[in-house]
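Structural description and commentary
Chain by chain, the residues run as shown.
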Amino acid sequence: MKPIILDGKALSLTIEEELKERVLKIKEKSGITPILATIIVGDNPASVTYVRMKGNACKRVGMEPLKVELPEETTTEELLAVIDKLNADDRVCGILLQHPVPRQIDERECFNRVSMEKDVDGTNISSFGATTMGQDAYKCATPAGIMEIIRRYNIETVGKHAVVIGRSPILGKPVAMLLLNAHATVTICHSRTQNLADIVKQADIVVAAVGIPRFVQASWIKKGAVLIDAGYNEGNVGDIDLENCAPLSSAYTPVPGGVGPMTIAMLMSQTVDSAEKTYM
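Residue numbers here run from 1 along each chain, matching the order of that chain's written sequence. This being a predicted model, a pLDDT of at least 70 is required before a residue's local features are given, and a value of 80 or more before pairs of side-chain atoms are given or counted; all residues contribute to the totals for chains, interfaces and linings. Values reported for side chains reflect all heavy atoms of the structure, with hydrogen atoms and water molecules removed beforehand.

With that out of the way, let us pick up a negative patch on the surface. A grouping of Asp 43, Glu 72, Glu 73, Glu 77, Glu 78, Asp 106 and Glu 109 is seen on the molecular surface, where their side chains present a negatively charged patch. Strands here are runs of E lasting at least two residues and helices are runs of H or I lasting at least four, both read from the DSSP assignment and numbered beginning at the N terminus. Along the polypeptide, Asp 106 turns up in the loop between strand E4 (92-97) and helix H4 (107-113). Note on exposure labels: buried denotes an accessible area under 20% of the residue type's maximum, exposed denotes more than 50%, and partly exposed covers the range between, all computed with a 1.4 Å probe on protein chains only. Note on Asp 106: relative accessible area 36%, which makes it partly exposed. Nonpolar side chains (Val, Leu, Ile, Met, Phe, Trp, Tyr) are joined into patches within 5 Å and like charges within 9 Å, using only residues with over 30% relative accessible area and no salt bridge. To be clear on the numbers: accessible area is Shrake-Rupley with a 1.4 Å probe, and residue cover counts the displayed protein chains and nothing else. A pairing counts as a salt bridge when a side-chain nitrogen of Lys or Arg comes within 4 Å of a carboxyl oxygen of Asp or Glu. Positive charges come from Lys and Arg, negative ones from Asp and Glu, while His and the chain ends are left out of the count. Every charge is mapped onto a representative atom, which is NZ of Lys, CZ of Arg, CG of Asp or CD of Glu.

Set out below in C-alpha coordinates:
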(Lines give C-alpha, C1' and ligand atoms only; values in the text may rest on other atoms or scores of the structure.)
Protein backbone atom coordinates (compact mmCIF):
# COMPACT_ATOMS: atom_id res chain seq x y z
CA MET A 1 0.00 0.00 0.00
CA LYS A 2 1.33 3.42 -0.97
CA PRO A 3 2.31 5.58 2.04
CA ILE A 4 0.28 8.68 2.87
CA ILE A 5 2.09 12.00 2.42
CA LEU A 6 1.46 14.11 5.51
CA ASP A 7 1.22 17.39 3.63
CA GLY A 8 2.00 20.13 6.14
CA LYS A 9 1.93 22.84 3.49
CA ALA A 10 -1.64 22.06 2.44
CA LEU A 11 -2.72 21.65 6.05
CA SER A 12 -1.19 25.00 7.01
CA LEU A 13 -3.22 26.72 4.28
CA THR A 14 -6.40 25.12 5.62
CA ILE A 15 -5.55 26.32 9.12
CA GLU A 16 -4.87 29.85 7.85
CA GLU A 17 -8.34 29.95 6.29
CA GLU A 18 -9.83 28.92 9.64
CA LEU A 19 -7.79 31.57 11.44
CA LYS A 20 -8.96 34.31 9.07
CA GLU A 21 -12.54 33.72 10.21
CA ARG A 22 -11.56 33.81 13.88
CA VAL A 23 -9.53 37.01 13.48
CA LEU A 24 -12.42 38.65 11.64
CA LYS A 25 -14.73 37.89 14.58
CA ILE A 26 -12.20 39.38 17.01
CA LYS A 27 -12.04 42.57 14.94
CA GLU A 28 -15.83 42.79 14.64
CA LYS A 29 -16.33 42.42 18.38
CA SER A 30 -13.43 44.49 19.71
CA GLY A 31 -12.43 46.78 16.85
CA ILE A 32 -8.84 45.73 17.53
CA THR A 33 -6.37 43.99 15.24
CA PRO A 34 -4.31 41.41 17.19
CA ILE A 35 -0.53 41.99 17.12
CA LEU A 36 2.25 39.39 17.11
CA ALA A 37 5.54 40.97 18.16
CA THR A 38 8.75 39.35 16.91
CA ILE A 39 12.08 40.39 18.41
CA ILE A 40 15.19 39.85 16.31
CA VAL A 41 18.67 40.64 17.65
CA GLY A 42 21.34 41.15 14.99
CA ASP A 43 21.04 40.31 11.31
CA ASN A 44 21.47 36.54 11.03
CA PRO A 45 20.30 35.84 7.44
CA ALA A 46 18.26 32.75 8.36
CA SER A 47 16.58 34.61 11.24
CA VAL A 48 15.76 37.56 8.97
CA THR A 49 14.09 35.15 6.54
CA TYR A 50 12.10 33.39 9.28
CA VAL A 51 10.91 36.69 10.74
CA ARG A 52 9.76 37.84 7.30
CA MET A 53 7.87 34.57 6.77
CA LYS A 54 6.13 34.92 10.13
CA GLY A 55 5.22 38.53 9.36
CA ASN A 56 3.72 37.51 6.03
CA ALA A 57 1.70 34.75 7.71
CA CYS A 58 0.35 37.31 10.19
CA LYS A 59 -0.86 39.49 7.36
CA ARG A 60 -2.46 36.56 5.55
CA VAL A 61 -4.70 35.77 8.52
CA GLY A 62 -5.51 39.43 9.21
CA MET A 63 -3.24 40.12 12.19
CA GLU A 64 -0.61 42.84 12.49
CA PRO A 65 3.07 41.88 12.69
CA LEU A 66 5.33 44.02 14.85
CA LYS A 67 9.03 43.51 14.14
CA VAL A 68 11.36 44.73 16.88
CA GLU A 69 14.92 44.90 15.53
CA LEU A 70 17.78 45.20 18.00
CA PRO A 71 21.51 45.57 17.28
CA GLU A 72 23.98 42.69 17.53
CA GLU A 73 25.60 44.20 20.65
CA THR A 74 22.33 44.27 22.65
CA THR A 75 22.77 43.13 26.27
CA THR A 76 20.57 40.75 28.24
CA GLU A 77 19.31 43.66 30.35
CA GLU A 78 18.37 45.69 27.27
CA LEU A 79 16.52 42.74 25.74
CA LEU A 80 14.68 42.05 28.99
CA ALA A 81 13.52 45.69 29.06
CA VAL A 82 12.08 45.31 25.54
CA ILE A 83 10.26 42.12 26.54
CA ASP A 84 8.86 43.85 29.65
CA LYS A 85 7.51 46.67 27.48
CA LEU A 86 5.78 44.20 25.13
CA ASN A 87 4.40 42.22 28.07
CA ALA A 88 2.77 45.44 29.31
CA ASP A 89 1.31 46.41 25.92
CA ASP A 90 -2.35 45.32 25.82
CA ARG A 91 -2.39 45.38 22.01
CA VAL A 92 0.29 42.69 21.78
CA CYS A 93 -1.24 39.21 21.97
CA GLY A 94 1.91 37.21 21.26
CA ILE A 95 5.66 37.69 21.73
CA LEU A 96 8.31 35.72 19.87
CA LEU A 97 12.04 36.00 20.49
CA GLN A 98 13.78 34.77 17.34
CA HIS A 99 16.38 32.08 18.07
CA PRO A 100 19.37 32.20 18.13
CA VAL A 101 20.44 35.39 19.88
CA PRO A 102 24.04 36.66 20.07
CA ARG A 103 26.35 34.87 22.51
CA GLN A 104 26.47 37.63 25.14
CA ILE A 105 22.72 37.31 25.79
CA ASP A 106 21.26 34.87 28.32
CA GLU A 107 18.67 33.39 25.97
CA ARG A 108 16.99 31.23 28.60
CA GLU A 109 16.46 34.19 30.95
CA CYS A 110 14.92 36.15 28.08
CA PHE A 111 12.63 33.28 27.00
CA ASN A 112 11.45 32.97 30.60
CA ARG A 113 10.70 36.71 30.79
CA VAL A 114 7.97 36.43 28.14
CA SER A 115 4.61 36.37 29.90
CA MET A 116 2.97 32.92 29.77
CA GLU A 117 -0.19 34.65 28.48
CA LYS A 118 1.79 35.91 25.45
CA ASP A 119 4.28 33.04 25.09
CA VAL A 120 2.79 31.83 21.81
CA ASP A 121 6.04 30.07 20.85
CA GLY A 122 6.00 28.06 24.08
CA THR A 123 9.60 28.83 25.06
CA ASN A 124 9.04 29.94 28.66
CA ILE A 125 10.08 27.13 31.00
CA SER A 126 6.76 27.56 32.85
CA SER A 127 4.85 26.95 29.60
CA PHE A 128 6.86 23.77 29.05
CA GLY A 129 6.18 22.59 32.59
CA ALA A 130 2.46 23.25 32.28
CA THR A 131 2.10 21.44 28.94
CA THR A 132 4.11 18.50 30.31
CA MET A 133 1.57 18.21 33.13
CA GLY A 134 -1.30 18.42 30.64
CA GLN A 135 -2.34 21.90 31.77
CA ASP A 136 -3.48 24.76 29.57
CA ALA A 137 -0.46 26.62 28.18
CA TYR A 138 0.99 27.48 24.81
CA LYS A 139 3.14 24.75 23.31
CA CYS A 140 6.45 25.00 21.48
CA ALA A 141 5.38 25.72 17.92
CA THR A 142 7.14 22.88 16.08
CA PRO A 143 6.01 20.13 18.48
CA ALA A 144 2.51 21.62 18.36
CA GLY A 145 2.66 21.45 14.55
CA ILE A 146 3.71 17.80 14.69
CA MET A 147 0.83 16.94 16.99
CA GLU A 148 -1.61 18.83 14.76
CA ILE A 149 -0.44 16.80 11.75
CA ILE A 150 -0.95 13.62 13.76
CA ARG A 151 -4.41 14.74 14.86
CA ARG A 152 -5.70 15.94 11.52
CA TYR A 153 -4.44 12.90 9.64
CA ASN A 154 -5.93 10.58 12.29
CA ILE A 155 -2.61 8.93 13.14
CA GLU A 156 -3.19 6.59 16.08
CA THR A 157 -1.00 7.32 19.10
CA VAL A 158 -2.74 5.39 21.88
CA GLY A 159 -0.50 2.51 22.94
CA LYS A 160 1.90 3.09 20.04
CA HIS A 161 5.67 3.17 20.51
CA ALA A 162 7.02 6.58 19.51
CA VAL A 163 10.78 7.07 19.25
CA VAL A 164 11.97 10.68 19.34
CA ILE A 165 15.54 11.23 18.12
CA GLY A 166 16.70 14.51 19.62
CA ARG A 167 16.37 16.17 23.02
CA SER A 168 16.43 19.91 22.37
CA PRO A 169 14.38 22.03 24.80
CA ILE A 170 12.17 23.44 22.02
CA LEU A 171 11.66 20.29 19.94
CA GLY A 172 12.76 16.85 21.15
CA LYS A 173 11.80 17.13 24.81
CA PRO A 174 8.43 18.88 24.33
CA VAL A 175 7.26 16.65 21.48
CA ALA A 176 8.10 13.60 23.60
CA MET A 177 5.92 14.96 26.42
CA LEU A 178 3.06 15.77 24.04
CA LEU A 179 3.19 12.25 22.61
CA LEU A 180 3.19 10.84 26.13
CA ASN A 181 0.11 12.95 26.93
CA ALA A 182 -1.47 11.45 23.79
CA HIS A 183 -1.02 8.00 25.38
CA ALA A 184 1.94 6.86 23.29
CA THR A 185 4.80 4.93 24.86
CA VAL A 186 7.78 7.21 24.26
CA THR A 187 11.51 6.55 23.99
CA ILE A 188 13.81 9.59 23.75
CA CYS A 189 17.10 9.00 21.94
CA HIS A 190 20.01 11.32 21.21
CA SER A 191 23.57 11.46 19.90
CA ARG A 192 24.90 9.31 22.75
CA THR A 193 22.22 6.62 22.63
CA GLN A 194 23.67 3.14 22.26
CA ASN A 195 22.14 0.69 19.77
CA LEU A 196 20.07 3.50 18.25
CA ALA A 197 19.16 1.57 15.10
CA ASP A 198 17.76 -1.30 17.17
CA ILE A 199 15.60 1.09 19.20
CA VAL A 200 14.25 2.86 16.10
CA LYS A 201 13.34 -0.53 14.57
CA GLN A 202 10.77 -0.93 17.37
CA ALA A 203 9.02 2.36 16.60
CA ASP A 204 5.49 2.75 15.30
CA ILE A 205 6.14 6.50 15.08
CA VAL A 206 9.58 8.00 14.44
CA VAL A 207 10.19 11.70 15.11
CA ALA A 208 13.60 12.76 13.78
CA ALA A 209 14.89 16.01 15.28
CA VAL A 210 18.62 15.45 15.49
CA GLY A 211 19.87 18.07 13.01
CA ILE A 212 21.94 15.71 10.86
CA PRO A 213 21.09 15.34 7.16
CA ARG A 214 19.61 11.94 6.18
CA PHE A 215 20.64 10.53 9.55
CA VAL A 216 17.87 7.92 9.87
CA GLN A 217 18.46 4.98 7.52
CA ALA A 218 16.02 2.61 5.81
CA SER A 219 17.48 -0.40 7.65
CA TRP A 220 16.28 1.19 10.91
CA ILE A 221 12.61 1.46 9.89
CA LYS A 222 9.89 -1.00 10.83
CA LYS A 223 7.53 -1.60 7.91
CA GLY A 224 4.43 0.56 8.29
CA ALA A 225 5.95 3.07 10.71
CA VAL A 226 4.89 6.74 10.60
CA LEU A 227 7.85 9.01 9.86
CA ILE A 228 7.85 12.61 11.13
CA ASP A 229 10.91 14.45 9.83
CA ALA A 230 11.41 17.63 11.86
CA GLY A 231 14.84 18.34 10.39
CA TYR A 232 15.76 20.88 7.74
CA ASN A 233 19.31 20.91 6.45
CA GLU A 234 21.28 22.44 3.63
CA GLY A 235 20.13 21.11 0.29
CA ASN A 236 16.44 20.92 1.33
CA VAL A 237 16.86 17.57 3.08
CA GLY A 238 15.64 16.44 6.47
CA ASP A 239 17.01 14.17 9.16
CA ILE A 240 15.54 11.03 7.58
CA ASP A 241 16.77 9.46 4.34
CA LEU A 242 13.25 9.81 2.97
CA GLU A 243 14.12 8.57 -0.51
CA ASN A 244 14.79 5.11 0.93
CA CYS A 245 12.76 5.23 4.17
CA ALA A 246 9.44 6.64 2.92
CA PRO A 247 8.51 3.58 0.80
CA LEU A 248 8.68 1.45 3.96
CA SER A 249 6.36 3.74 5.92
CA SER A 250 2.58 3.98 6.20
CA ALA A 251 2.81 7.79 6.26
CA TYR A 252 5.54 10.42 6.24
CA THR A 253 6.14 14.16 6.28
CA PRO A 254 8.01 15.45 3.20
CA VAL A 255 10.94 17.88 3.40
CA PRO A 256 10.27 20.62 2.53
CA GLY A 257 6.51 20.99 2.93
CA GLY A 258 5.94 18.86 6.01
CA VAL A 259 6.65 20.01 9.55
CA GLY A 260 8.09 23.43 8.60
CA PRO A 261 4.89 25.16 7.41
CA MET A 262 3.02 23.78 10.42
CA THR A 263 5.42 25.49 12.82
CA ILE A 264 4.37 28.91 11.54
CA ALA A 265 0.71 27.84 11.38
CA MET A 266 0.79 26.89 15.07
CA LEU A 267 2.47 30.17 15.98
CA MET A 268 -0.39 31.99 14.24
CA SER A 269 -3.01 29.71 15.82
CA GLN A 270 -1.72 30.24 19.34
CA THR A 271 -1.59 34.01 18.80
CA VAL A 272 -5.23 33.92 17.76
CA ASP A 273 -6.00 31.81 20.87
CA SER A 274 -4.35 34.53 22.97
CA ALA A 275 -6.29 37.29 21.18
CA GLU A 276 -9.59 35.49 21.78
CA LYS A 277 -8.81 35.16 25.49
CA THR A 278 -8.08 38.90 25.60
CA TYR A 279 -10.84 40.34 23.41
CA MET A 280 -13.71 37.84 23.13
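Read across the sheet, three strands follow the order E3-E2-E4 without closing on themselves; strand pairing throughout is parallel. The open sheet has two free edges, formed respectively by strand E3 (64-70) and E4, since each of these has just one partner strand. Taken pair by pair, the neighbouring strands of this sheet meet at an average axis angle of 20 degrees, ignoring direction. We treat two strands as partners when DSSP finds at least two bridges between them. Sheet analysis places strand E2 (residues 35-41) next to E4, joined by five bridges and oriented parallel. In the strand pairing of E4, Leu 36 is matched with Gly 94. Note on definitions: a residue-residue contact is assigned when non-hydrogen atoms from the two residues lie within 4.5 Å. Here, axes are lines fitted to C-alpha atoms. For helices the fit covers the stretch in contact, and angles between N-to-C directions go from 0 to 180 degrees. Running at roughly 175 degrees to E2, helix H2 (residues 45-61) makes contact with E2, E3 and E4 of the sheet.

What follows deals with the nonpolar core. For the purposes of this section, nonpolar cores are sets of buried Ala, Val, Leu, Ile, Met, Phe, Trp, Tyr and Cys residues that join through side-chain atoms within 4.5 Å. Core analysis: the biggest nonpolar cluster contains 47 residues, and Ile 146, Leu 179, Val 207, Ile 228 and Met 268 have the highest contact counts within it. Here this core takes ten residues from helix H10 (residues 259-279), the largest share from any one element. If we ignore the near neighbours within four places in the chain, the residues touching Leu 179 are Met 147, Ile 150, Thr 157, Ala 162, Val 164, Ala 184, Val 186 and Val 207. Membership of the second largest hydrophobic core comes to 20 residues, among which are Ile 165, Ile 221, Leu 242 and Cys 245.

Read from one edge to the other, the open sheet built from six strands follows the order E1-E9-E8-E7-E5-E6, with strand pairing classed as parallel. In the strand order of this sheet, the two ends are held by strand E1 (4-5) and strand E6 (185-189), each with one partner. Bridge analysis of E1 against strand E9 (residues 251-252) gives two bridges, and the strand direction is parallel. Within the sheet, the bridge partner assigned to Ile 4 lies in E9 and is Ala 251.

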